Amino acid sequence: MLYGIAAATTALLLAAVLTALLRVPALRLGVVERRRQRQRPLPLFGGVAVVLATCAVAVAGDRSGVAPLGSGVGRLLAVGGAVAALGLIADLRRVKARVLVAGTAVAAAWVVPYDEIGVPAGVLAVCWIVFVAVGFKALDHADALAGTVGVVTAFGVGACAAAEVMDGLAVLLSVLAAALTGFLMHNWPPARVGLGACGSLFAGFVLAASAVFTQAGYGLASSAGVLFPLTAVASADVLLVVLSRRLAGRPLLRGGPDHLAHRLRRLGLTPQGATVLPGIGAFAGVLVGVLMHIGWTAESGVFWVGAGALIVVLLLLRVPVYGVRRPVPAQAEGSTRAGRTMATQTGRVVSTQTGRPVSTQVSGHLRVRNG
């Protein structure tokens, strides 16, 4: 108990310090967020800090013999580090989504306990781990959202591990939760450092694989009933995006402002509110999952969580997020083109009708307004 508290405190402080220190190198190297428009570039080495803090504290406890992880948990941490490296590559340069999915699937195949759950269930477990890891990467669409949901989920899965007397796994999850908390000191809206694919894939992978370990030896139906509530928010976000893009006729892999926090912001919530509300939902789902795992509530609790998530998805689908192109009448289009005839004078773009500057520079392209 004392070591767990000391390890969590060390991980929290180490992650907070590393996040602050790695911010400047990330800015100098140009490792910044590319998806969202911001007033200032957001460096993405926060995930590196979380991974380093988690691995350093967990390995120190294992090597010292104070809190041995065990062979299965040690392999999980090592493979999770490989997934984090893949995410770091995605932060440094553009990597196709299918590559991330394939790499995460290979990593998941190495950690699933086939001898305890069997091959068919193991294949399903691999798919579920990949789903959750990608879901956590998708949750990184808003400041502090992936970190907040990750902390709540880590405590929940850690409670399940403690109930199964998996001390090494429980320590690892407490260390991960503390590291994410230290990172959140710099990531709370408005964020100064981002988690990136490195941290989000690592957190989602470790949490999903750890949850699978806690359910080894249980039936497939009961295991699924516990696993879904533990990651209900990430699952709801993925379902929301898939349905939204399908209904709009958009490619699934094409990004857009159609995630949970995007829609909550359009409903009028502040950036902090759009993080806190899903965090509360994650806490509710995790609580149901933990209570089901220890037998304090009926297995029907999963249906309540599923129904709640489905209602939220259906309600948020009604929030418009995609722009609608309005047809321009022929006469108006002609006058618009005439008004946009430009001449360059001393490096500025001016209107031939008014002579006033009318251009702005956005992302390296010239955007012209009417004078």
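Residues numbered from 1 in each chain as written. Predicted model: local features only at pLDDT ≥ 70, side-chain atom pairs only at ≥ 80, totals over all residues. Heavy atoms only, no water.

Secondary structure summary: the protein contains 15 helices and four strands in total. Looking at the protein as a whole, 47% of its 371 residues qualify as buried. Residue pairs in contact within the protein that sit at least 24 positions apart in sequence constitute 69% of those at least 6 positions apart. Of the roughly 18600 Å² of accessible surface on the protein, a fraction of 65% belongs to carbon and sulfur atoms. (Helix = DSSP H or I, 4+ residues; strand = E, 2+ residues; numbered from the N terminus. Buried < 20%, exposed > 50% of the residue type's maximum accessible area, 1.4 Å probe, protein only. Contact = heavy atoms within 4.5 Å. Areas by Shrake-Rupley, 256 points an atom, 1.4 Å probe, with all protein chains shown as cover.)

What follows deals with the packing of helix α7 (residues 145–163) against helix α13 (residues 271–294). Relative orientation of the contacting elements α7 and α13 amounts to 10 degrees, with a least axis distance of 9 Å. Between α7 and α13, the angle falls in the class roughly parallel. Along its contact with α7, which presents Leu145, Thr148, Val149, Val152, Thr153, Gly156, Ala159, Cys160 and Ala163, the element α13 presents Ala274, Thr275, Pro278, Gly279, Ala282, Phe283, Val286, Val290, His293 and Ile294. (Axes fitted to C-alpha atoms, helices over the stretch in contact; angles between N-to-C directions. Parallel < 35°, antiparallel > 145°, perpendicular 65-115°, else oblique.)

Here we come to the environment of Ala163. Tracing the sequence through the fold places Ala163 in helix α7. When the C-alpha positions of Ala163 and Thr214 are compared, they lie 8.8 Å apart, and in sequence the two are 51 residues distant. Those residues in contact with Ala163 that sit more than four places away from it in its chain are His293 and Ile294.

A contiguous nonpolar surface patch, about 360 Å² in accessible area, is contributed by Trp188, Val276, Leu277 and Ile280. Topologically, Ile280 is positioned in helix α13. (Patch = residues over 30% accessible without salt bridge, like charges linked within 9 Å, V, L, I, M, F, W, Y side chains within 5 Å. Salt bridge = Lys/Arg side-chain N within 4 Å of Asp/Glu carboxyl O.)

Let us look at helix α1 (residues 2–29). Taking 1.5 Å per residue as the helical rise, α1 with its 28 residues ought to reach 40 Å, and the 40 Å between its terminal C-alpha atoms agrees with that figure. The largest bend along α1 reaches roughly 30 degrees and is located at Leu22, with the proline Pro25 sitting one to four residues downstream. Residues Ala7, Ala8, Ala11, Ala15, Ala16, Leu18, Thr19, Leu22 and Ala26 constitute the buried set of α1. Buried residues along α1 sit in contact with α2 (46–64) and α8 (167–187). Just beyond α1, the residue with positive phi is Gly30, at close to 75 degrees. (Expected span 1.5 Å × (residues − 1). Bend = angle between axes of the 7 residues up to and from the residue.)

Moving on: the nonpolar core. Trp128, Ile129, Leu139, Leu169, Leu172, Phe202 and Phe205 are the most contacted members of the largest nonpolar core, which totals 91 residues. Once residues lying within four places of it in the same chain are set aside, the contact partners of Ile129 are Ala108, Val112, Phe205, Ala208, Ala209 and Val212. Ala8, Val57, Ala67 and Ala178 belong to the second largest nonpolar core, which has eight residues in total. (Core = buried A, V, L, I, M, F, W, Y, C linked by side-chain atoms within 4.5 Å.)

The next point concerns the environment of Val99. Its location among the elements puts Val99 in helix α4 (residues 97–111). Val99 gets classed as partly exposed once you look at its relative accessible area, which sits at 39%.

Under the defined criterion, the tally for this structure stands at one salt bridge. With a shortest N-O distance of 2.8 Å, Asp258 and Arg245 are connected by a salt bridge. Residue Asp258 is located in the loop between α11 (232–248) and α12 (260–266), and its partner Arg245 is located in helix α11; the two are separated by 13 residues in the primary sequence. Across this residue pair, the class does not change: Asp258 and Arg245 are buried.

If you check α7, its first and last C-alpha atoms are 27 Å apart, about what 19 residues at 1.5 Å a residue would give, namely 27 Å. Counting buried residues along α7, 15 of its 19 residues qualify, which places the element largely inside the surrounding structure.

Taken as a whole and assessed by the stated rule, the structure comprises zero disulfides. Residue Cys198 stays outside any disulfide, its sulfur separated by 9.5 Å from that of Cys55, the closest cysteine. Under the relative-accessibility criterion, Cys198 is labelled buried at 4%. (Disulfide = S-S within 2.5 Å.)

For residues besides glycine, phi is generally negative; the peptide bonds are generally trans as well. Cis geometry marks the peptide bond from Pro189 to Pro190; its omega dihedral reads -5 degrees. For Pro190, the position within the fold is in the loop between α8 and α9 (196–214). Its identity is not glycine, yet Ala144 carries a phi of approximately 70 degrees, on the positive side. Here Ala144 falls in the buried class, since its relative accessible area comes to 0%. The backbone of Val165 sits at a positive phi, close to 60 degrees, despite the residue not being glycine. Summarising the element assignment, Val165 is placed in the loop between α7 and α8. Overall, the relative accessible area of 63% leaves Val165 in the exposed class.

Now for the packing of helix α10 (residues 220–230) against α13. Close contact between α10 and α13 brings their axes to 7 Å; oriented N to C, the two are set at 155 degrees. It follows that α10 is roughly antiparallel to α13 by the angle criterion. Like other packed secondary-structure pairs, α10 and α13 cross with a definite hand, here left-handed. Residues Gly225, Val226, Pro229 and Leu230 of α10 lie in contact with α13, whose contacting residues are Gly285, Val286, Gly289, Val290, Met292 and His293. Here the residues of the contact of α10 with α13 are counted per class, giving six nonpolar, four polar and no charged. (Left-handed = near helix turned anticlockwise from the far one by under 90°. Nonpolar A, V, L, I, M, F, W, Y, C, P; charged D, E, K, R; others polar.)

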